[in-house]
Amino acid sequence: MEFGFAEQIGFRALSLLTFLPSLGALIMVLFMRGRPSAYKAAALVASLATFALSVFMLTAFDTSTAAFQFQENFVWIENFGINYRMGVDGISMLMVLLTTFLSVIAIIGSWNYVKDRELAFFASLLVLETGMIGVFTSMDLFLFYVFWEVQLIPMYFIIGIWGGARRIYAATKFFLYTFAGSVLMLVAMLAVVWWYGKESGALTFDILTLQNAGFPSDLQFWGFLAFFVAFAIKVPMFPVHTWLPDAHVEAPTAGSVILAGVLLKMGVYGMIRFCIGFFPEATVNAVPYVMVLSVIAIVYGAAVSLVQPDMKKLVAYSSVSHMGFVTAGLFTFNLQGIEGSVLQMVNHGILTGALFQMVGFFYERTHTREIKDYGGMARPLPIAAAFFSLFVLGSLGLPGLNGFVGEFLILIGLFQYMKVFAVVASLGIILGAAYLLWMYERTMFGELTNQKWLSLKDLNAREILTLAPLAAMSVVIGVWPGPFLEMLHAPSLEIIAKVEPFMAQKQSLVQMASAFLGGF
Amino acid sequence: MTPQDLIPIIPELILVLAGLLVLVVEPFLKADKTANVAIALTALLISGAAAVGLSGREQAAFTDMIVLNDYAVFFKVLFAAAGALTVLMSPRYLEASGRHMGEYYALILFAVVGMDLMAASRDLIAFYVGLELMAVSSYLLAGFLRYQVRSNEAAMKYFLTGAFASAITLYGISLVYGMAGTTNYEQVGATLLAGGDGLGVALATALVLVGMGFKVSMAPFHMWTPDVYQGAPTPVAAFFSVGPKAAGFAAMLMVFLTVFEVSRSTWSVLFIVLAVLTMFVGNAFALTQKNIKRMLAYSSIAHVGYLLAGLGALGRAGTDYFAGEAVLFYLAAYTFMNLGAFGILAYLKTQQPATFSYSLAEFAGLGRRSPWAAVLMGLFMFSLTGMPGTAGFVGKFYLFSSVVKADLAWLAVIAVLFSAVSAYYYLRVIVYMFFREPEVEYATKEPISGPLAASLALSAAAVVVIGLLPSWVLDAAQASFGNFFG
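These numbers come from a predicted model, not from an experiment.

A. Structural detail: the overall build of chain A. Secondary structure summary: chain A contains 21 helices and two strands in total. Taken over the C-alpha trace, chain A has a radius of gyration of 22 Å; the compact-globule value for 520 residues is 24 Å, and the two agree within 12%. For chain A, the spread of C-alpha atoms along the principal axes amounts to about 75 × 55 × 40 Å. By the burial criterion, 62% of the 520 residues in chain A qualify as buried. Counting only contacts in chain A whose residues sit at least 6 apart along the sequence, the fraction spanning at least 24 positions is 80%.

Quick look at the structure:
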């Protein structure tokens, strides 16, 4: 094992990274009951330490290879060939960094947000972090599934306990949607594992082994479908996105930040790892359908955002639109499209996380999210307005900020792939500019709608501390995306190499589309 | 009979002697029944330990009526554990119900003996004797709170349907005897195989299947289950939901694999059809329940449905016993999570003996009132749903894996979709416990009784340990089949 943890970094960095947050949560629950300042500090320390560790790992990370790094491997359940195997490539490393970064932000951002059962809230956030990191670092299908499902539980509680008025409905819907998709994926997992087991005589859940298994066409079709549906629900793609507005609107701010920032990315990450990794042939055939669904999501999400009276809902629907870009870019299967897609995930995590955080800060002051209740807020809250403008501009794709880089690369990719999709997707960008700027104008500029707002306090130091790193990252990626793209380069080429043999056979969309339907 | 013959039944001998001892000691005890609880508990632990000590051995006894092998050992240990956990959760509950009597513990011990015999028998008569011993003890246990109407109703319903089911099973057995001239599993199997499949075999298969179907509450023979669980004392309902069910499956697996080898294709299809029906009935009715005890009753029916899918897969898999191992593992996982869930119910009942009615509404705000009870109940609910990290997940993973392996992926899809449905009613308990505030004020709570706390802690520990490190139970389940058929 060339990229074992021992050679690269000397200790089990990934396991430590994954379980450090949960360890913090355990210590908090066991020893810090009833002492808010202690457990909040512990939560912050745990998340900061995790973030620091993930950044430290970058120093040992080799960007020149698509191989999985910092690998750990030992036998877990021998009878089934299940191993505890972890490792990261450039894509998962970037996702891990996003997770650890946003977890710190979420914890600082909700420092005074919850009043009820505060300890449980911070513990849930930390357990959630473990689940998310685990999803991105697993190299064993069983281990991946465990993390994939386990992260549902803390999020379910975060929405259900600390959410808004319709939190129970939203939490249940969130759980059931994901769970229903996941269990179908479980059957598909079992099917591919047994197929390979019968073929090779040994059961294995090792992802890399299964990626090279070369499944037969009919298994590819059904396997792709089951995995894809599970991940599409998570992304969420049109038409299985309906849980998202409910979950986002009802979730507490930190929940929304993590949900938009990381959980949605797990869906796309799953597509990269499993749909493309296991079923390249079926993936290629499915491209036309994915493209059409993505483009619908882009335009539909943007159009719905345009008419939202509620700021949080607007940001939620804008996620549907932005994630449409991500899936569209991924399935172009050219370098720009894929790299843009993964980078756009990071960008969306930062920007939408920031927007949700800002809406949360506004809400804490005004107790309303209705756009019509705002207006002229730039006067009492100049600092907030400045931050808000940065994130809004980043989100609509202003050059110099990070949103532009990702969307631009995706559009290049789409253009190479098929012009019509690039044209329709551009429409989504125009709509995006419209709904974001219009929202900004209605909330920040103009006459003060409510004289009460004059007495509002501007962002305090802690709130600025929450937003400043997000703003900084937005600018850094906007002007200097090179290092980030460099991490993605080798894994992206690997993806292309995987699907290329099947791309060559299919010339037109119609041929691919009918080949996919042949699976029935 | 030789003295050697006694070795395979050492675990049962211990239990029988302890049961008799309980009855002898009982008249000398006043209100405090600690001595009898201790006797029963000790006997179950020694019995389980003795069974573990006997693992790896192969011996037939009593002219091949009873065997000792790892298959029997697996179930003997499981039944001893289920019995012990039940005993632990009983004393405070029975005191609160005003009927704390030593006979209760003797009946539990005798029921466990019956269950042990069902798993260890290699003869239809021995199997039937075990079945009846278990059943008669169960009828008495169901009606143990004899001044309560519901308990009486439960006993009566259980007795009538149970007697009916036993008679049907016996009729099937008599047909088999008529055709084969013997009651030994292997000999019957060989004779029937030589004679070929026919109407008589089909009829006998169907009769035994129906009779056992009653016992394990397979749809459409499940009607008695919710009423009996609701009326029976809660620890008894807990015991019913795992013990007799697991014993029924232990016997069914053996009987169908050996006696009815000839009609394998028939019963395999029957099990698959009935699995779908049972999953549907259990999950659909559980969705509508407002009473947690009834919800758990229907949920236990749903779990029987998943297990039946495993039996269907087993029937199609030839000499591959993977599905059988999965069924064994699932039974073990299910035992602990279900006992735990019922244990929480028993705890809540002891908190408000007069008023607690097991309704969902009474769970509102439990997360605040009794955080530990709520957290454990949450764990058991997630395990019953099949969330990773719990025994329930590994159980489902193993079971559905065996179904997929038998080329029944469509059946696995149906099963997981029903699991997704079940998530709704399990989560609803969590919603009430953590997301809602109590509708009424509750009196100050009493501390939990030590034994009940131990029962809950052990169940929870088992659920988590089997969920994270399942290998040792997996090995035991595999050894059970490996040694017998290997």
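Once you've had a look at it, read on.
B. Focus on the overall build of chain B. Broken down by element type, chain B carries 20 helices and two strands. Relative to the globule expectation of 23 Å for 486 residues, the C-alpha radius of gyration of chain B, 21 Å, shows essentially globular dimensions. In terms of overall dimensions, chain B has a C-alpha envelope of 70 × 55 × 40 Å along the principal axes. Per-residue burial over chain B gives 65% buried out of 486 residues. The contacts in chain B between residues at least 6 apart in sequence include a share of 79% that link residues at least 24 apart.

C. Looking closely at the confidence of the model for chain B. All names here are of chain B. Chain-level pLDDT for chain B is 91 on average; 98% of the residues reach the 70-or-more range. Averaged over each element, pLDDT in chain B is lowest for helix H20 (residues 471-485) (76) and highest for helix H3 (residues 70-89) (95). Here the prediction assigns the complex a pTM of 0.92, and the interface score ipTM is 0.90.

D. How the structure looks around the interface of chain A and chain B. Each partner contributes residues to the interface: chain A has 25 residues there, and chain B has 24 residues. Listing elements by their share of the side of chain A that touches chain B, those giving two or more residues are helix H6 (141-150), helix H7 (152-162) and helix H8 (167-200) of chain A. At 14 residues, H8(A) tops the list of elements feeding residues into the side of chain A that touches chain B. Here the residues of the side of chain A that touches chain B are counted per class, giving 19 nonpolar, three polar and three charged.

E. A look at the pairing of strand S2 (residues 82-88) of chain A. Within S2(A), six of the seven residues are buried, which leaves the element mostly enclosed by the surrounding structure. Taking the residues that link successive antiparallel strands as the turn, the strand S1 (residues 69-77) of chain A-S2(A) hairpin has four residues, and the phi of Gly81(A) there is positive, at about 65°.

F. Highlighting the pairing of S1(A). Across six bridges, the pairing between S1(A) and S2(A) is antiparallel. Pairing of Glu72(A) across the sheet is with Met86(A), part of S2(A).

G. View of the nonpolar core. Among the nonpolar cores identified, the biggest contains 420 residues, and Val187(A) and Ala412(B) are the most heavily contacted of them. With residues up to four places along the chain from it excluded, the contact list for Val187(A) reads Ala226(A), Phe400(B), Val404(B), Ala409(B), Ala412(B), Val413(B) and Val416(B).

H. Spotlight on the packing of helix H16 (residues 382-396) of chain A against helix H18 (residues 419-444) of chain A. All names here are of chain A. Axis separation between H16 and H18 bottoms out at 9 Å; the angle between their running directions is 170°. One finds that H16 runs roughly antiparallel with respect to H18. Mapping the contact onto sequence places Ala385, Phe388, Ser389, Val392, Ser395 and Leu396 in H16 and Gly432, Ala433, Leu436, Leu437, Tyr440 and Met444 in H18. Residue classes in the contact of H16 with H18 are distributed as nine nonpolar, three polar and no charged.

What counts and how
Residues numbered from 1 in each chain as written. Chains lettered and ligands numbered in written order. Predicted model: local features only at pLDDT ≥ 70, side-chain atom pairs only at ≥ 80, totals over all residues. Helix = DSSP H or I, 4+ residues; strand = E, 2+ residues; numbered from the N terminus. Rg over C-alpha atoms; globule rule 2.2 N^0.38 Å. Buried ≥ 20, exposed ≤ 12 C-beta atoms within 10 Å, placed from the backbone. Contact = placed C-beta atoms within 7 Å. pLDDT = per-residue confidence, 0-100. Nonpolar A, V, L, I, M, F, W, Y, C, P; charged D, E, K, R; others polar. Pairing = 2+ DSSP bridges. Core = buried A, V, L, I, M, F, W, Y, C linked by C-beta atoms within 7 Å. Axes fitted to C-alpha atoms, helices over the stretch in contact; angles between N-to-C directions. Parallel < 35°, antiparallel > 145°, perpendicular 65-115°, else oblique.

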